[in-house]
Amino acid sequence: MTGYTDYTDLAKQFGTPLYVYDIDRIRQARSDLFGALPEEVELFFALKANPHPQVARAMRDGTGKACRAEISSTGELAAALAAGFTGADILYTGPGKTGGELAEALAAGVRLFSVESRTDLEHVGAEAEQLGVVADCLIRVNSATSSSSTSIRMTGVPSQFGFDSENLPELRDQLLGVRGATVAGAHFFPLSNAKDEASLIAEFTHTITLAARLQDELGIAFRFLDIGGGFAAPYAVLGDRPVYSALREALSVALDKRFPGWRDGAPRVACESGRYLVGDSGQLICSVVNLKESRGRNYVIADAGINTFGGMSGLGRLLPVAVTPQPDGRANDQVASLVGPLCTPGDILGRDIALPTLSPGDLVVIPNAGAYGVTASLSMFLGRPAPAEVLISGGQVISASRLRQVRDYQIGAPVS
Ligand SMILES: *Cc1c(COP(=O)(O)O)cnc(C)c1O
């Protein structure tokens, strides 16, 4: 994000806190990422990063290659369907898929599942069999090794995600014998937000090598190979999405070497991304409510806190939040903590960050906030309304909405 857009009018019209997502920037990111990948590689948009249905819609409509959808709940299933994806476009993932949600996904036409254990595979198979269909399952792999840009090191750690790669060969017969489910290939997701292109390439190369070895050990010809992601994006700080200029060639070389049939779809190869596709489309606009000084520390108290953005900071992770320059060019001439309105000392957006001199009523804009915003926040904590979410395209507002939580008393089995 460079440059500044004046959000005063939008803030007046919709109130703050307010997320603004620029659909044109989403389309650009989608086109850039497809352009950085070999022609044949498919791309899943992880709805986890931003499940707004119209954001998800921007991943598939219009010109250019369309993303598919990666989901892991019935809420994300509904969002993907609302965005116009069909069951056939969807990959369903996650370590705790219940029978009920699997049945719902299968009924909606979802046939591709990532499975994280033998029993998870059996659950998928059982629900598919109930419906009289067969589910294609990707064995998610928790690799015993990972790569860094400089070396391959052993890092296999225990996880609820994926099969331990070292145990897969001995599970072969059990995995192939599950009714209602076929082993269609493998799914890897070893890395998020890679620090640079070299580490991304090293990780993908390592993954492709491991996938080929597993294919041999299992003696199954993979029909589908999801090699994961790791595409980076700035998060709540100024900066631009990385440009991946060497990735396309490096992936082609690695795939040619290990999966000679991949260009003809044997296997089909896919990547996944959340933050790269949506991160730089969004800005969070909040208002200064009050200012305060306490024992030498300055506080700027805003109307958005960890209930609106970066709820994970409430879990002990502090975001390196920065703010965009003010439209009048005011310098960042103070060090202050930007905090939210919640009754917890954990409600900090940025501790001792550079801020301009602000007054109550001033707008503060947090850049690159399009991924892991509203739905990654502690939105129910302390009962404030969710922020407005406004979509713009061509500089025009095309949609404005707000998530709402309501208590539903109509639950449970009827009392007879
Ligand atoms: C979270 C997640 C993603 C998206 O990660 P980003 O870092 O936002 O690209 C993709 N795939 C899986 C399996 C995930 O859990």
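Before going into details, it helps to say that this report is about the structure given with it. Owing to the predicted nature of the structure, the values given are computational and were not obtained by experimental measurement.

1. Here's the deal with helix H9 (residues 247-258)
Stage number 1. Taking 1.5 Å of rise per residue, twelve residues should cover 16 Å, and H9 covers 17 Å from first to last C-alpha, within 8% of that figure.
Stage number 2. Regarding H9, the residues found buried are Leu247, Leu251, Ser252, Ala254 and Leu255.
Stage number 3. Against helix H2 (23-36), helix H8 (197-218) and strand E12 (268-273) lie the buried residues of H9.

2. With respect to the pattern of salt bridges
Opposite charge on two side chains lets them pair, provided their charged atoms get close.
Stage number 1. Tallied over the full model, the rule gives 20 salt bridges.
Stage number 2. Through salt bridges with shared partners, a single ionic network connects Arg25, Asp32, Arg241 and Asp280.

3. As for the state of the cysteines
Stage number 1. Tallying each qualifying case throughout the model produces zero disulfides.
Stage number 2. Here Cys67 is not cross-linked by a disulfide; its sulfur's nearest cysteine counterpart is in Cys271, at 11 Å.

4. A closer look at the packing of aromatic side chains
Stage number 1. For the structure on display, the rule yields eight aromatic pairs.
Stage number 2. Taken together, a centroid distance of 6.2 Å and an interplanar angle of 55° make the contact between Phe44 and Phe224 tilted. Taken together, the residues Phe44 in strand E2 (residues 42-46) and Phe224 in strand E11 (residues 224-226) connect sequence positions 180 residues apart. With respect to burial, Phe44 and Phe224 carry one shared label: buried.

5. Points about the environment of Asp120
Stage number 1. The topology assignment puts Asp120 in helix H6 (residues 118-131).
Stage number 2. Each C-alpha atom, one on Asp120 and one on Ala144, is 20 Å from the other, the two residues being 24 residues apart in sequence.
Stage number 3. Excluding anything up to four places from it in sequence, Asp120 contacts Gly94, Lys97, Ser114 and Val115.
Stage number 4. A polar contact is formed between the side chain of Asp120 and the side chain of Lys97, at a distance of 2.7 Å.

Criteria and cut-off values
Along each chain, residues carry numbers from 1 onward, in the same order as the chain's sequence is written. Selection of residues for local features in this predicted model requires a pLDDT of at least 70, selection of side-chain atom pairs for listing and counting requires 80 or more, and totals for whole chains, interfaces and linings are taken over all residues. Only hydrogens and water are set aside when side-chain values are computed; all heavy atoms of the structure are taken into account. In DSSP terms, a helix is any run of H or I states spanning at least four residues, a strand is any run of E spanning at least two, and both are numbered starting from the N terminus. Helix span is expected to be 1.5 Å times the residue number reduced by one. Each residue is assigned to one of three classes by its accessible area relative to the maximum for its type, calculated with a 1.4 Å probe on protein chains only: buried under 20%, partly exposed between the two thresholds, exposed over 50%. Residue contacts are defined here by distance: any two heavy atoms, one from each residue, within 4.5 Å place the two residues in contact. What makes a salt bridge here is a side-chain nitrogen of Lys or Arg within 4 Å of a carboxyl oxygen of Asp or Glu, nothing more. The disulfide criterion used throughout: a pair of cysteine sulfur atoms within 2.5 Å. In this scheme Phe, Tyr and Trp rings, the latter by its six-membered ring, pair at centre separations within 6.5 Å, and the angle between planes marks the pair as stacked below 30 degrees, edge-to-face above 60, and tilted otherwise. Whenever two N or O atoms come within 3.5 Å, that pair is a polar contact, provided that in protein one can donate a hydrogen and the other can accept it, and provided that, for residues adjacent in sequence, both atoms are side-chain atoms.

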